[in-house]
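Analysis of the macromolecular model
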Amino acid sequence: MKKAIISAALGAAAIGMVATGATAATLDDVKAKDFVQCGVSQGLAGFSNPDDKGNWTGMDVDVCRALAAAIFGDATKVKFTPLSAKERFTALQSGEIDVLSRNTTWTATRDTSLGLNFAGVNYYDGQGFMVRSSLGVKSALELSGASVCTNTGTTTELNVADYFRSNKMEYELVAFEKADEVVAAYDAGRCDVFTTDQSGLYSQRLKLTNPGDHVVLPEIISKEPLGPVVRQGDDQWFNLVKWTHFAMVNAEELGVSSANIGEMMGSDNPAVKRLLGSEGAFGEALGVGNDWAANIIKMVGNYGEVFDRAVGPDTPLKIERGVNALWSDGGLQYAPPIR
Amino acid sequence: MSIQDAGHVDDQAKVAFFNDPKVRSWAYQIILVLFLGWVIWSIRENVSANLEAQNIATGWGFLGTTAGFSILQKLVFYTEASSYGRALWIGLLNTFLIAFLGVIFATILGFIIGIARLSSNWIVAKVAMVYIEVVRNLPLLLQIFFWYFAALRALPGKREKASFLDTIHLNITGLKMPAPVFGEGSSIVGIAVLAAIGGIFFLRRWAKKRQEEKGEQFPVFLTSLGLLFFLPLIAFFAAGQPIGLEHPVFSETGPMIRRGFALNTGLSLSPEFIALFLALVTYTAAFIAEIVRAGIMAVDKGQSEASHALGVSNNFTLRLVVIPQAMRVIVPPLISQYLNLTKNSSLAVAIAYPDLVAVGGTILNQTGQAIEIVTLWMVIYLTISLSISMVMNWYNRSIALVGR
């Protein structure tokens, strides 16, 4: 009773983050409402971007689709909530969304003091700089005296301060709340430099008037491990999100893809059998069906497929696998075994 | 109460203590206060209990930790190594700056347009009317975007400039002016300015007294202007020109990235500030113009006719008869326009002007302490608004009609 009154009062006060802050089983709630509520960006090509019909695509979107495939065996049972950088954590804390998959950097502060948990890394990124090629700049170390456009409330803002300060370079920071305004201001010539995660630079470059007139500098000045985020204190849900990503990485490593999953179902390889659920009861332990991983691969694909489809060399973004290659290919994507 | 008892009631009615209206009203007040206190207390308790259960950091300790981000416009010292508390202070000062300048210029522009709207010149009146109707009916955020993005594109690029008398320059990075550099002895000039202001004050009193006694007028305005200009000028040369000018440095050679205006040279107004300032001033001025028009029209026509009949000039009629009476109508709605302008300045967040809301939002995101930041915002805006109300209400009382 007391809680109910308080909820109403707080809701009215528009603080809203407290009363509904569910520590209860998110998985049960998700099953009950029959869809996953997924927090994404307001439009970042390759990661989470709506097309003209309102269909979302991208790597971060596929994390949520994979989750829905694992839970419901139906990758379309997802609803997306576009969030600004500033809103994202409050939306997750308050229970407005079930999972945040919005190119969010895993940092110590966010992991420890926001009541959140990072469920793995689906893209290893780093902060870079983009400039007009007409400036003739070859290295970020030549950027002293520049005006720098970026988003507020991001790790980017802090990294750029560290970088310019430690290299004793002068700069002027123009920080906008929305990514679109950063692009517009940079495009208008307000700034010499546009800085954000390097993948974001490739993605935002597509929105500029003449994308060909801009170059991304080679320096990467920070580590930006991006991954899905869940609320702290719900281990079952945390495990499910974490293993959804691991299943996709394991599938790529084992050579299971959406194209060959039919024949792989009959594979003799015990690791493949465990992944696809014909051996063991790993899905049950996660609170979903044993065909969870098979559904993910069938409906969304393995990690490599998702990467190539969203940001790979054949897309406008043209990003190489680089550090996001499997560990066996010299990259950082490594998933614990399913056994 | 029985009929027999009525005989015992003397001039002081004896009612049961719980029926005493005084006691009752007090009791209700106390119960209400206790109830409100309980509501606030339990909200607080619940919030902190829930936040703790969710492992979300709470408290005000974060204000002392290092901010680590840079701010575009800082009126006082701030670096990335300063604290979050300091960063908020910078944001608050930026809000003060835009609100203060905005209120002054919106008032001036609003009065001019309001009077122009009543002009007997057809073109002037219609131009003022069109201005008011257009500006007043477009959303403010749209106007801010217009000034920022449309005007930004029209300005010369970063490596070029448009100059006025070779001292004031304009390009996409803002308005660049020479900054005053105060050398040794510049305090003498400051003292001269204060002396001039003091002198004007006494001059006005003396001139008024003389006019009341002898009916002679003295050119107070021109003398004041001269005093304010020449006294500091004499002091400036007498002290050996202690105030210099630091011009913004513009380079046209060297690597492309270093061309244009060097950072932190001269005095610079960012395009974000200019856009927000223009949008707030033009928008609020349209409302003030209507208030001024209403105020002037509220003064009976007979007042100016009487004044003219006494041979008072048009100018003096407006200044001494119409406006003082109109002010009584103008000031109360003017207060709410000032409050609106101050609160609207928080739209700065859309175009990267680092006001209180923008800086607070950054801090909110870096620390995740939403409740603390939102509370701070509300308390600060409430304080600013109440202070403006207080000052303006005091002014309103001072010009109000005094009953004799």
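What counts and how
The written sequence of each chain sets the order in which its residues are numbered from 1. Chains carry letters from A onward and ligands carry numbers from 1 onward, assigned in written order. The predicted origin of the model limits local features to residues at a pLDDT of at least 70 and limits the giving and counting of side-chain atom pairs to 80 or more, whereas totals for whole chains, interfaces and linings rest on all residues. The side-chain values count all of the structure's non-hydrogen atoms but skip hydrogen atoms and water molecules. A run of H or I in DSSP counts as a helix once it spans at least four residues, and a run of E counts as a strand once it spans at least two, with each numbered from the N terminus. Between the two quantities, the radius of gyration covers C-alpha atoms and the globule rule is 2.2 Å times the number of residues to the power 0.38. Working definition: with a 1.4 Å probe on protein chains only, accessible area under 20% of the residue-type maximum means buried, over 50% means exposed, and in between means partly exposed. A contact between two residues is defined here by any heavy atoms of the two lying within 4.5 Å. Note on areas: Shrake-Rupley, 1.4 Å probe, and residue coverage restricted to the protein chains presented here. Asp and Glu count as negative and Lys and Arg as positive, but His and the ends of the chain are not part of the count. For this purpose, a charge sits on NZ of Lys, CZ of Arg, CG of Asp or CD of Glu. Strands were regarded as paired on the criterion that DSSP finds at least two bridges between them. Every angle, taken between N-to-C directions, lies between 0 and 180 degrees, and every axis is a line fitted to C-alpha atoms, over only the stretch in contact when it is a helix. Defined here as a combined quantity, buried area equals the accessible surface (1.4 Å probe) lost by two parts on assembly, summed across both. What counts as a salt bridge is simple: a side-chain nitrogen of Lys or Arg found within 4 Å of a carboxyl oxygen of Asp or Glu. Polar contact is defined as a pair of N or O atoms within 3.5 Å, subject to the rule that within protein one atom must be able to donate a hydrogen and the other to accept it, and that residues adjacent in sequence are counted only when both atoms are side-chain atoms. The classification used treats Ala, Val, Leu, Ile, Met, Phe, Trp, Tyr, Cys and Pro as nonpolar, Asp, Glu, Lys and Arg as charged, and all other residues, Gly among them, as polar. Segment limits for the domains were obtained from an automatic or database-derived domain assignment. Note on disulfides: each one is a pair of cysteine sulfur atoms within 2.5 Å.

1. Let's talk about the overall build of chain A
Along its length, chain A carries 14 helices and 14 strands. Relative to a compact globule of 339 residues, whose C-alpha radius of gyration would be 20 Å, chain A shows 21 Å and is just as compact. Taking the principal axes of the C-alpha coordinates as reference, chain A spans close to 60 × 55 × 40 Å. Expressed as a percentage of the 339 residues in chain A, the buried residues total 60%. In chain A, the proportion of contacts linking residues at least 24 apart, taken out of those at least 6 apart, comes to 70%. Approximately 12,800 Å² of chain A is accessible, and the part contributed by carbon and sulfur atoms is 52%. Taking the average location of the 30 positive side-chain charges in chain A and that of its 41 negative ones, the two points are 4 Å from each other.

2. A short note on the sheet that holds strand β10 (residues 171-176) of chain A
Note: strands within a sheet are paired through backbone hydrogen bonds, in either parallel or antiparallel orientation. All names here are of chain A. Spatially, five strands are ordered β10-β9-β11-β8-β12 in an open sheet, and the strand pairing comes out mixed. With partners counted over all chains shown, the strands left at the sheet margins are β10 and β12 (214-216), one partner each. Between one strand axis and the next, the sheet turns by 25° as a mean value, whatever way the strands run. In this structure, strand β8 (residues 127-132) lies alongside strand β11 (residues 193-197), joined through five bridges in antiparallel fashion. Bridging from a neighbouring strand, V131 pairs with V193 of β11. Sheet strands touched by helix α8 (residues 198-205): β8, β11 and β12. Its angle to β11, the strand with the most contacts, is close to 125°.

3. A closer look at the interface of chain B and chain A
Much of the literature gives interface size as the accessible area that the parts lose upon coming together. Listed per partner, the contact involves 47 residues of chain B and 55 residues of chain A. Carbon and sulfur atoms make up 58% of the surface buried where chain B meets chain A, a total of about 4,600 Å² over both sides. By the criterion of area lost to chain A, the three top residues of chain B are I257, L263 and N365 of chain B, representing 15% of everything that side buries. Taken together, the connections running from chain B to chain A amount to three salt bridges. R190 of chain A is paired through a salt bridge with E272 of chain B; the nearest N and O atoms lie 2.8 Å apart. Here chain B and chain A share seven residue pairs in polar contact (both at pLDDT 80 or more) between them. Listed by contribution, the elements that provide at least two residues to the side of chain B that touches chain A are α2 (21-53), α5 (140-154), α8 (271-298), α11 (356-367) and α12 (370-399) of chain B. Looking at the side of chain B that touches chain A, its residues break down into 25 nonpolar, 16 polar and six charged.

4. Points about the pairing of strand β1 (residues 36-40) of chain A
Extensive coverage of β1 of chain A is indicated by the burial of five of its five residues. Side chains V36, C38 and V40 of chain A project from β1 of chain A onto one buried face, and the interleaved Q37 and G39 of chain A project onto a second face that is buried too.

5. What about the domain arrangement of chain B?
Domain parsing of chain B yields domain 1 (86-176 + 273-399) and domain 2 (179-246). The distance between the C-alpha centroids of domain 1 of chain B and domain 2 of chain B comes to 29 Å.

6. Regarding the state of the cysteines
Residue and element names in this part refer to chain A. Taken as a whole and assessed by the stated rule, the structure comprises two disulfides over all chains. Here C149 connects covalently by a disulfide to C191, the sulfurs 2.0 Å from one another. On the sign convention where negative means left-handed, the S-S torsion of about 70° between C149 and C191 marks this disulfide as right-handed. Placement of C149 in strand β9 (residues 146-151) and of C191 in the loop between α7 (179-187) and β11 is noted, with a sequence separation of 42 residues between them. For the pair C149 and C191, a shared accessibility class is recorded, and that class is buried.

7. With respect to the pattern of salt bridges
Summed over all chains, the structure comprises 15 salt bridges over all chains. The salt bridge involving K86 of chain A is made with E177 of chain A; its shortest N-O contact spans 3.1 Å. Of the two residues, K86 of chain A sits in the loop between β4 (78-82) and α4 (88-93) while E177 of chain A sits in the loop between β10 and α7, which places them 91 residues apart along the sequence. The buried category is assigned to K86 of chain A, whose relative accessible area is 18%. Through salt bridges that share partners, E172 and R190 of chain A together with E272 of chain B make up one connected network.

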